[in-house]
Amino acid sequence: MSAQQLMRPSAPRRWYADPARLALLALLVSAALCFLLPLYVMSLTSFKSMEEIRNTSLFALPPQLSFAAWQAAWSSACTGVACEGISAGFWNSVLIVIPSTLIAVGLGALNGYALAFWRLRGAGSLFAVLMIGAFLPIQVMMLPLVRLLAPLHLVGTLTGIIIVHVIFSMPVMTLIFRNYYAALPRELFLAARLDGAGFLYAFLRLMLPMSLPMLAVAAIMQATGVWNDYLLGLVFAGREHLPMTVQLNNLVNTTTGTREYNVDMAATLLTALVPLLIYALAGRWFVRGIAAGSLKA
Amino acid sequence: MTTPYVRIDHVSKRYGDTVAVNNVSLDINKGEIFCLLGGSGCGKTTLLRMLAGFETPSSGALYIDGQNLADIPPYERPVNMMFQSYALFPHMSVEANISFGLEQERITRPEIKRRVAEILDIVKLGDYAKRKPHQLSGGQRQRVALARALVKRPKLLLLDEPLGALDRKLREHTQFELISIQEKLGVTFVVVTHDQEEAMTLASRVGVMNRGEIVQVGTPRDIYEFPATRFVADFIGSVNLFDGKLSEDEPEFVRVGCPQLPAPVYIDHGMSAPPGADCWVAIRPEKIELGRTAPAGPDNWAHGVVQGIAYLGDMSVYLIRLDSGREVRVTQANRTRKPEEQFKWDESVYLCWDAGSPVVGMG
């Protein structure tokens, strides 16, 4: 291809069949199928009655739509001794996700800002320690953390599980905000300082509003991460506040008589709905935020 | 004798082994536009950053209005700065950008509004208060940056390449505006630039810097017409430099013999140096006259052939190869439209100049 062709501004793209393109397309389609097929089967199954599940093929459409399984999953299926569905788990998860996300994103942004613009003594080594923390598997830290929080009476409380989520999110949150702020022109910060802005004023008035795309990315990452968490919720949330994922597990594993596949599927889909919705509504922000971070660096 | 307003007293800045600013002393008067001019890495920006408080001097002291700046953090200095990139806050309106600094002082809302309106009026952006920076042209952004830097009424405003981001037409217009705003407010300006045109047009005085040192301070005219060193002569404008030896040194004149020139260079002032001393002679391209006939008199002429012509409209630049092989740059104003008065390629020409034109120096 000549240089002139390369430099021409993009003409409206026409679809053309090139072997490489076809191969790429085939790969993407099969990858999509791999992920969509289970979702397809789950959705179908959740709308069938047990009778229909036994008598029809796995891939067959339900003869008639039934929302009974969804209703049962939400409000009457047994999760252990109690038979109240997973709605309680849903609200517990909401109570856990919202503060853990707000606090983690806010603190991460503040940390990143301090590390990027305020050249404090020891900031470099602090950052290094934080990064090491990011690479340690959380299972290793589980027992020490329980021992640490127990005397403070924080194990098995809502506050406790929120604190634990915030702690484990700090390395990644700090890293993404530090990198985002490091890519901003330092002169913006200096100009604000010359105008008399202090640590918090420059952060709240200047840096926070300028990092909206990154705030969105961080919030999406943190919210889906916390929503999907199982282990921390099981260990730290306590009986009163078991998140939806733990409730789902209990629901699926509580069997009295026949296993109700349709209810299991409906409960699973209900649990997965929130991260799916977050991506559907905010996915565009997610891509934009990631692009902004990488291109400016 | 007025006392200097800004005093830079034997200031040095070292980073490890490298010396960025070397023992600089400088006095800047109240209300003047002082320009630090030099190539990249000459230390001018470091000096500016020390005035702003982003760097601390390794030795020496800085004073504004008699006050030592040593222990005063940037935001408490009576100093503000206009950055080369303007550093406007992109998510804020023009108004909010300007009031950013005021809102942290104990000033009432109406007073803030009044002062923002006042400064917007001065920079002629009254109608743009609600716009965001990305909705403004380059010149307008520059004026917002200026307004933001001036609204807190600093005693000293530092400007880092203020015209650098503007196109040529706009620069000319903006520099006159900048000067008129400065005169109206009486704020002292210190401008840093590598662009001599910017320095010459803005500054009341220019300090030329090289390798961390101030090599000459003077009015733009002084440093152009009477460069103190070979570096300044070469750095400011374009110039033809010749090496030579002093052959006569009288109180009223000197003669210098240059191997590359056929005749001695006669200069109409004395310079008190031993005869035979090595020296240099600098002649500006616009001070050389081109002619087709041999000039009368024994001194200040040369002969050569036109090697290149650049027609620039208002003037033409000629590259002339002297008989010695040396190339010389000559500019001639195109005063008429008659083509026969222009010199042609390969034409044989004589060069001559006034006894007052060349600059002679030793360093």
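Computed from a prediction, not measured in an experiment: that's the story for all the values here. (Residues numbered from 1 in each chain as written. Chains lettered and ligands numbered in written order. Predicted model: local features only at pLDDT ≥ 70, side-chain atom pairs only at ≥ 80, totals over all residues.)

### A few points about the overall build of chain B
Consideration 1: Along the backbone of chain B there are eight helices and 20 strands.
Consideration 2: Referenced to the eigenvectors of the C-alpha coordinate spread, the extents of chain B come out at roughly 75 × 50 × 40 Å.
Consideration 3: In chain B, which comprises 363 residues, the proportion classed as buried is 36%. (Helix = DSSP H or I, 4+ residues; strand = E, 2+ residues; numbered from the N terminus. Buried ≥ 20, exposed ≤ 12 C-beta atoms within 10 Å, placed from the backbone.)

### Some remarks on the overall build of chain A
Consideration 1: For chain A, the count of helices and strands is 14 helices and zero strands.
Consideration 2: Along chain A, helices (α) and strands (β) appear in the sequence α-α-α-α-α-α-α-α-α-α-α-α-α-α when read from the amino end.
Consideration 3: In terms of C-alpha radius of gyration, chain A reaches 24 Å, well past the compact-globule figure of 19 Å for 297 residues.
Consideration 4: Taken along its principal axes, the extent of the C-alpha atoms in chain A is 75 × 70 × 30 Å.
Consideration 5: Here chain A, with 297 residues, has 32% of them falling under the buried criterion. (Rg over C-alpha atoms; globule rule 2.2 N^0.38 Å.)

### Side note on the pairing of strand S9 (residues 205-210) of chain B
Residue and element names in this part refer to chain B.
Consideration 1: Looking at chain direction, strand S3 (residues 33-37) and S9 are connected through four bridges and run parallel. From the neighbouring strand, Cys35 faces S9, where its bridge partner is Val206.
Consideration 2: Pairing of S9 with strand S10 (residues 213-218) involves five bridges; the strand directions are antiparallel. Following the sheet pairing, Val208 is matched in S10 by Gln216.
Consideration 3: Hairpin connection from S9 to S10: two residues lie between these consecutive antiparallel strands, with Arg211 at a positive phi of about 50°. (Pairing = 2+ DSSP bridges.)

### Re the nonpolar core
Side chains of nonpolar character tend, in soluble globular proteins, to be buried together.
Consideration 1: Counting 137 residues, the largest nonpolar core has Ala218 of chain A together with Cys35, Ala147, Leu158, Val190, Val191 and Ala203 of chain B as the members making the most contacts within it.
Consideration 2: Here Ala203 of chain B is in contact with Ile33, Phe34, Cys35, Val191 and Pro220 of chain B, once residues within four sequence places are set aside.
Consideration 3: Membership of the second largest hydrophobic core comes to 12 residues, among which are Ala77, Met244, Leu251 and Leu270 of chain A. (Core = buried A, V, L, I, M, F, W, Y, C linked by C-beta atoms within 7 Å. Contact = placed C-beta atoms within 7 Å.)

### Structural notes on unusual backbone geometry
Consideration 1: Positive phi, close to 60°, is recorded for His153 of chain A, a residue that is not glycine.
Consideration 2: His153 of chain A sits in the exposed class, given 10 other C-beta atoms within 10 Å.
Consideration 3: Despite not being glycine, Arg211 of chain B shows a phi value in the positive range, around 50°.
Consideration 4: By the secondary structure assignment, Arg211 of chain B is in the loop between S9 and S10.

### Looking at helix H9 (residues 186-194) of chain A
Given 3.6 residues per helical turn, the α-helix brings residues three or four places apart onto the same face.
Consideration 1: All of the buried residues along H9 of chain A are Leu188, Phe189, Ala191, Ala192, Arg193 and Leu194 of chain A.
Consideration 2: Of the surrounding elements, those touching the buried residues of H9 of chain A are helix H5 (87-117) and helix H10 (199-210) of chain A together with helix H1 (44-52) and strand S6 (79-82) of chain B.
Consideration 3: Note on H9 of chain A: the residue one or two positions beyond its end, Gly196 of chain A, has a positive phi of about 95°.

### So, helix H8 (residues 158-183) of chain A
Consideration 1: With 26 residues, H8 of chain A should cover 38 Å at 1.5 Å per step; its first-to-last C-alpha distance of 37 Å lies within 8% of that length.
Consideration 2: The sharpest bend along H8 of chain A reaches about 50° and sits at Met170 of chain A, with the proline Pro171 of chain A one to four residues further on. (Expected span 1.5 Å × (residues − 1). Bend = angle between axes of the 7 residues up to and from the residue.)

### A short note on the sheet that holds S10 of chain B
Residues and elements named next belong to chain B.
Consideration 1: Pairing is mixed across the open sheet formed by six strands, whose spatial order is S6-S7-S8-S3-S9-S10. The strands lining the two open edges of the sheet, one partner per strand, are S6 and S10. Averaged over all neighbouring strand pairs, the angle between strand axes comes to 20°, with direction disregarded.
Consideration 2: Looking at chain direction, S3 and strand S8 (residues 188-193) are connected through five bridges and run parallel. Directly across from Leu37, in S8, lies its bridge partner Thr193.
Consideration 3: Along the sheet, helix H4 (residues 138-150) contacts S6 and strand S7 (156-160); its crossing angle with S6, the most-contacted strand, is approximately 170°. (Axes fitted to C-alpha atoms, helices over the stretch in contact; angles between N-to-C directions.)

### Some points on the environment of Arg153 of chain B
Consideration 1: Note that Arg153 of chain B resides in the loop between H4 and S7.
Consideration 2: Counting along the chain gives 32 residues from Arg153 of chain B to Leu185 of chain B, while the straight-line C-alpha distance between them is 8.7 Å.

### Overview of the sheet that holds strand S13 (residues 265-267) of chain B
All names here are of chain B.
Consideration 1: The antiparallel open sheet is built from five strands, whose spatial order is S13-S12-S11-S14-S20. Only two strands of the sheet have a single partner each, and these edge strands are S13 and strand S20 (359-361). Taking each pair of neighbouring strands and ignoring which way they run, the sheet shows an average axis angle of 40°.
Consideration 2: Here four bridges tie strand S11 (residues 240-249) to strand S12 (residues 254-257), and the two strands are oriented antiparallel to one another. Bridge pairing links Lys245 to Gly257 in S12.

### Quick notes on the environment of Glu55 of chain B
Residue and element names in this part refer to chain B.
Consideration 1: Within the fold, Glu55 resides in the loop between H1 and strand S4 (59-64).
Consideration 2: Counting along the chain gives 19 residues from Glu55 to Pro74, while the straight-line C-alpha distance between them is 9.5 Å.
Consideration 3: In this structure, Glu55 is in contact with Lys13, Thr46, Arg49 and Met50, ignoring residues within four places of it in sequence.

### Quick word on the interface of chain B and chain A
Consideration 1: On the chain A side, the residues contacting the 16 residues of chain B number 14 residues.
Consideration 2: The residue inventory of the side of chain B that touches chain A, partitioned by class, reads 10 nonpolar, five polar and one charged. (Nonpolar A, V, L, I, M, F, W, Y, C, P; charged D, E, K, R; others polar.)

### Regarding the confidence of the model for chain A
All names here are of chain A.
Consideration 1: The pLDDT averaged across chain A works out to 86; a share of 91% of its residues lies at or above 70.
Consideration 2: Per-element mean pLDDT across chain A ranges from 43 in helix H1 (residues 3-7) up to 95 in H5.
Consideration 3: Ignoring residues within four places in sequence, the model shows residues 1-8, a span with pLDDT below 50, making one contact including any to other chains.
Consideration 4: Taken together, the stretch residues 293-297 has pLDDT below 50 and engages in six contacts with residues farther than four places along the chain or on a different chain. (pLDDT = per-residue confidence, 0-100.)

### Describing the confidence of the model for chain B
Consideration 1: For chain B, per-residue confidence averages 91 on the pLDDT scale, and residues scoring 70 or more make up 99% of the total.
Consideration 2: The ipTM for the predicted assembly is 0.80, set against a pTM of 0.79.

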